[in-house]
Amino acid sequence: MQFGFYLWPCFIIWGLDRAVRLVRLIYYNHLYFGFSAASNRLDASVELLSPHLVRLRMQRPPHFRWTPGQEAYLAMPTVSKLIIESHPFTIASVDGRYALAGTQPQDVEKNASETGSDDGTTSYWNELVFLIHVREGYTRRLAKSATKGERVKVLIDGPYGFSPNLDADDT
């Protein structure tokens, strides 16, 4: 039997998906590919909280907004074996738009930039935190980087997924 008629379109769709993800990765992380001082600002710190849990913290890229329950694909060229290897992780931090009712993170950032003062809330709202369960392979290599105290390069793609609608729930 000849399955090429059905098989090749699947490879074409897969290849288009990979190409689109690569373009998104380059577009949203263009600071890494430029030779500017801002590229170091997007490095992430990794901390080993326990032998089975790593916390990855990085500054929020300017374009990145998320809602609770969403995930992002993280590519870490310094950790992965393949340069384009990426894995999804759920975002553990809260976007500032949801942190305090009635206060918008844009307002705090604008006030901090106008007055030249930062009370710490701006950096909180500009931080992405991922709590990563250590298993084998990729996450094990990430845990080894955390024990060495290294900062890792992180290319972020996302956010993906959706937040559950809890409006109908009373508790």
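Above this text sits the structure in question.
From a predicted model like this one, the values you see are computed outputs, not experimental measurements. (Residues numbered from 1 in each chain as written. Predicted model: local features only at pLDDT ≥ 70, side-chain atom pairs only at ≥ 80, totals over all residues. Heavy atoms only, no water.)

**Side note on the nonpolar core**
Stated formally: Here, nonpolar core means buried Ala, Val, Leu, Ile, Met, Phe, Trp, Tyr and Cys residues that are tied together by side-chain atoms lying within 4.5 Å of each other. Exposure is judged per residue with a 1.4 Å probe applied to protein chains only, and the accessible area is read against the type maximum: over 50% gives exposed, under 20% gives buried, and values in between give partly exposed. Numbering goes from the N terminus for both helices and strands, where a helix is a DSSP run of H or I of at least four residues and a strand is a run of E of at least two. Any two residues having at least one pair of non-hydrogen atoms within 4.5 Å are treated as being in contact.
Leu56, Met76, Phe130, Leu142 and Val152 are the most contacted members of the largest nonpolar core, which totals 24 residues. If you list the elements that add at least two residues to this core, you get β1 (44-50), β2 (53-59), β3 (71-75), β5 (127-133) and α6 (138-148). Looking at this core, the element that brings in the most residues is α6, giving four residues. When neighbours within four sequence positions are excluded, Leu142 is seen to be in contact with Val46, Val54, Leu56, Met76, Val79, Ile132 and Val152.

**Side note on the pairing of β3**
Rules: Note: two strands are recorded as paired if DSSP finds a minimum of 2 bridges between them.
The pairing of β3 with strand β4 (residues 86-90) spans five bridges and is classified as antiparallel. The partner of Ala72 across the bridge, within β4, is Phe89. Pairing analysis gives four bridges linking β3 to strand β7 (residues 155-160), with the strands arranged antiparallel. Note on β7: the bridge partner recorded for Tyr73 is Asp157.

**Side note on the sheet that holds β4**
What counts, and what does not: Angles run from 0 to 180 degrees between N-to-C directions of axes, and those axes are lines fitted to C-alpha atoms, restricted for helices to the stretch in contact.
Ordered by their spatial adjacency, three strands build an open sheet running β4-β3-β7, and the pairing between neighbours is antiparallel. In this open sheet, the two edge strands, each paired with only one partner strand, are β4 and β7. When strand polarity is set aside, the average angle formed by the axes of neighbouring strands in this sheet is 25 degrees. Strands in contact with helix α1 (residues 4-28) are β3, β4 and β7; relative to β7, the strand with the most contacts, it is inclined by about 110 degrees.

**A look at α6**
Residues spaced three or four apart along an α-helix point in a common direction, a consequence of the helix completing one turn every 3.6 residues. Condition: The arc in question is the one spanned by the directions pointing from the helix axis to the C-beta atoms.
Residues Tyr138, Thr139, Leu142, Ala143, Ser145 and Ala146 constitute the buried set of α6. Buried residues of α6 fall within an arc of 155 degrees about the axis and therefore sit on the same side. Of the exposed residues in α6, those oriented more than 90 degrees away from the buried face are Thr147 and Lys148. Summarising the contacts, the buried residues of α6 are in contact with β1, β2, β3, β4, β5 and β6 (151-152).

**A word on the sheet that holds β2**
If you walk across this open sheet you meet the four strands as β5-β2-β1-β6, and the pairing is antiparallel. Of all the strands in the sheet, just β5 and β6 have a single pairing partner and so form its edges.

**Topic: the pattern of salt bridges**
Condition: Any carboxyl oxygen of Asp or Glu within 4 Å of a side-chain nitrogen of Lys or Arg constitutes a salt bridge here.
According to the stated counting rule, one finds nine salt bridges in the structure shown. Between Asp17 and Arg18 there is a salt bridge, and its shortest N-O distance comes to 2.9 Å. With a relative accessible area of 37%, Arg18 lands in the partly exposed category. With a shortest N-O distance of 3.2 Å, Arg21 and Asp157 are connected by a salt bridge. On the criterion of sequence distance, the pair formed by Arg21 in helix α1 and Asp157 in strand β7 is long-range, its members being 136 residues apart. According to the relative accessible area criterion, Asp157 is buried, its value standing at 2%. Several salt bridges share partner residues, and in doing so they unite Glu47, Arg55, Arg57 and Glu127 into one network.

**A look at the side chain of Ser145**
Topologically, Ser145 is positioned in helix α6. On the basis of relative accessibility, which here comes to 8%, the residue Ser145 falls in the buried class. Excluding anything up to four places from it in sequence, Ser145 contacts Val46, Val79, Glu150 and Val152.

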